[in-house]
Amino acid sequence: IIRVLIGLFSGNYLKGARRISVLIQAMTDPLPGPSLQVVTESDDARALRTLYAEVVEKAARGGSQDHDFMSDVVRQLLSYRDNEPALQAEIMLEVAKYFYYRAQDAHRGIEAAMQAASIARRAGLKPLVRKADSFLGVLSMVVRNFRGAIDHSITALELAVELDDRLAQSAVANNIGG
């Protein structure tokens, strides 16, 4: 299965949303046949790492043709089960960065970052919740949602203090004062 999934990403077999849909479907459906197993979590992790690499590459390139791909990633991950939540949250954060920095669409960035925070919160991944809330604070300020900016920044700062992460504390303080 991993070879098939890797082939989907490295070859030109499928494009955009279809490729993502096939990837997510392969991770969620049991395999046919009595002697075959369902996809394991390590397979999920490999597939999500592959997706993460593609998202990072497309975000760095930042072409307008990638907007639909990023939207499809968000939609597909929303329907995906909660295996590998750290990877899912990281993917959502990269998509949020793409929408803000490359597509100049802070509102779409907020949607993806909110999903990242939600995934991380459900899984108890405090460093990722902090990271998502910190970015949400910045994005909220950009769209002039000052209440949201304050709320997200306070949450991020409280988590940074709780985690004793001085670098994160400085980053949040810089975002608030910047």
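Residues numbered from 1 in each chain as written. Predicted model: local features only at pLDDT ≥ 70, side-chain atom pairs only at ≥ 80, totals over all residues. Heavy atoms only, no water.

Asker: How do you make sense of the side chain of R130 when you look at a structure like this?
Answerer: Inspection of the secondary structure puts R130 in helix 7 (residues 126-142). No salt bridge is formed by the buried R130, whose closest oppositely charged neighbour, D165, lies at an N-O distance of 4.8 Å. Setting aside chain neighbours within four positions, we find R130 in contact with A156, L159, A160, A168 and V172. (Helix = DSSP H or I, 4+ residues; strand = E, 2+ residues; numbered from the N terminus. Buried < 20%, exposed > 50% of the residue type's maximum accessible area, 1.4 Å probe, protein only. Lys, Arg positive; Asp, Glu negative; His and termini not counted. Salt bridge = Lys/Arg side-chain N within 4 Å of Asp/Glu carboxyl O. Contact = heavy atoms within 4.5 Å.)

Asker: Mind showing me how you'd approach the side chain of D72 here?
Answerer: Following the sequence through the fold, D72 ends up in helix 4 (residues 66-78). The class of D72 is buried, set by a relative accessible area of 12%. Engagement of the side chain of D72 in a polar contact is seen with the side chain of R75, the distance being 2.3 Å. (Polar contact = N/O pair within 3.5 Å; in protein donor to acceptor, adjacent residues only side chain to side chain.)

Asker: It is not clear to me how the nonpolar core should be interpreted in this structure. Could you clarify?
Answerer: Nonpolar side chains tend to gather and get buried jointly when the protein is soluble and globular. Counting 35 residues, the largest nonpolar core has V55, M70, V73, I91 and V95 as the members making the most contacts within it. Secondary structure elements with two or more residues in this core: helix 3 (41-61), helix 4, helix 5 (85-102), helix 6 (106-123) and helix 7. If one sorts the elements of this core by residue count, helix 5 sits on top with nine residues. (Core = buried A, V, L, I, M, F, W, Y, C linked by side-chain atoms within 4.5 Å.)

Asker: Is there a simple way to think about helix 8 (residues 146-162) in this case?
Answerer: What sets the pattern is the α-helix's 3.6 residues per turn: residues three or four places apart point alike. The terminal C-alpha atoms of helix 8 lie 24 Å apart, and with 17 residues this matches the ideal 24 Å at 1.5 Å per residue to within 8%. Inspection of helix 8 places G148, A149, H152, S153, A156, L159 and A160 among the buried residues, and these make up the whole buried set. For helix 8, the buried positions fall inside an angular range of 125° around the axis, keeping them on one side. Opposite the buried face of helix 8, at more than 90 degrees from it, the exposed residues are R147 and E158. Buried-residue contacts for helix 8 involve helix 6, helix 7 and helix 9 (166-177). Of the residues one or two after helix 8, D164 is the one with positive phi, at around 55°. (Expected span 1.5 Å × (residues − 1). Arc of directions from axis to C-beta.)

Asker: Help me understand the environment of D105, please; the structure alone is not making it clear to me.
Answerer: On the secondary structure map, D105 appears in the loop between helix 5 and helix 6. A relative accessible area of 22% means that D105 is categorised as partly exposed. The spatial distance from the C-alpha of D105 to the C-alpha of V143 is 9.7 Å, given a sequence separation of 38 residues. Within polar-contact distance, the side chain of D105 engages the backbone nitrogen of R108 at 3.1 Å.

Asker: Just to check I follow, could you spell out the packing of helix 6 against helix 7 for this structure?
Answerer: Each pair of packed helices gets described by two things: the angle between the helix axes and the distance between those axes. Close contact between helix 6 and helix 7 brings their axes to 9 Å; oriented N to C, the two are set at 160°. Relative to helix 7, helix 6 is oriented roughly antiparallel. Handedness of the crossing formed by helix 6 with helix 7: left-handed. Of helix 7, the residues touching helix 6 (which contributes A106, G109, I110, A113, M114, A116, A117, A120 and R121) are L128, V129, A132, D133, F135, L136, L139, S140 and V142. (Axes fitted to C-alpha atoms, helices over the stretch in contact; angles between N-to-C directions. Parallel < 35°, antiparallel > 145°, perpendicular 65-115°, else oblique. Left-handed = near helix turned anticlockwise from the far one by under 90°.)

Asker: In this structure, what is going on with the pattern of salt bridges? I would like to understand it.
Answerer: Opposite charge on two side chains makes pairing possible when the charged atoms of those side chains draw close. All told, the structure shown has eleven salt bridges when counted by the stated rule. Ionic pairing is found between E162 and K126, a salt bridge with its closest N-O pair at 2.3 Å. Here K126 lies in helix 7 and E162 lies in helix 8, a separation of 36 residues in the sequence. A residue is classified by how much of its surface remains accessible, and E162, at 49% relative accessible area, is partly exposed. Among the residues examined, K126 registers a relative accessible area of 36% and is labelled partly exposed. Here R147 makes a salt bridge to D151, at a shortest N to O gap of 3.3 Å. Placement of both R147 and D151 in helix 8 is noted, with a separation of four residues, approximately one turn of the helix. Relative accessible area serves as the criterion here: at 36%, D151 is assigned to the partly exposed category. Several salt bridges converge on common partners, so that one network encompasses E54, E57, K58, R61 and D66.

This is a description of form; function is not addressed.
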